[in-house]
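What the coordinates show
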Amino acid sequence: MKDFIWKLIHNYHKVGNWFKRIPNWQDKAICECGEVEIMDHILTECRLNKSKDIWQEAEKIWKENNKNFKWTKPDANILRELGAVKLKERDKIAPNWINERYIEIVAETTWMI
Ligand SMILES: [Zn+2]
């Protein structure tokens, strides 16, 4: 999983624009939904790949176990900086174990997508 996240941070996954440079493979750059198939799209935006459903399940798990800190649906920026996430609720910073739980749920969910 560390390798996956490292590639995500550095845009090394072979998706979207990577295929645009290869003759006769340009069509592989486009998702079935019509958008350029970059990792941000695959992980947080695509309406066809069920990522929305998977994130809703992650949110449900979070809400069952965390009453004091709201779920924050990760966007591309949060995914790229996941290791440094510090949740905050009304100026109250979450304790480390809460942040670690969030990071674990988000990392595992990203991996499943
Ligand atoms: Zn799509």
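Remember, it's a predicted structure, so these values are computed and weren't measured experimentally.

Definitions and cut-offs
- Residues numbered from 1 in each chain as written.
- Predicted model: local features only at pLDDT ≥ 70, side-chain atom pairs only at ≥ 80, totals over all residues.
- Helix = DSSP H or I, 4+ residues; strand = E, 2+ residues; numbered from the N terminus.
- Contact = placed C-beta atoms within 7 Å.
- Buried ≥ 20, exposed ≤ 12 C-beta atoms within 10 Å, placed from the backbone.

1. Focus on the environment of Arg47
- Secondary-structure assignment places Arg47 in the loop between helix H3 (39-45) and helix H4 (51-65).
- Remark: the alpha-carbon pair of Arg47 and Cys33, spanning 14 residues in sequence, is separated by 7.4 Å.
- With residues near it in sequence (within four places) discarded, Arg47 still touches Cys33 and Lys52.

2. Notes on the environment of Tyr102
- Inspection of the secondary structure assignment puts Tyr102 in helix H6 (residues 96-112).
- With 23 C-beta atoms counted inside 10 Å, the residue Tyr102 sits in the buried group.
- Sequence-wise, Tyr102 and Asn66 are 36 residues apart; in three dimensions their C-alpha atoms are separated by 9.7 Å.
- Setting aside residues up to four positions removed in sequence, Tyr102 forms contacts with Val85 and Leu87.

Don't take any of this as a statement about function, it's just geometry.
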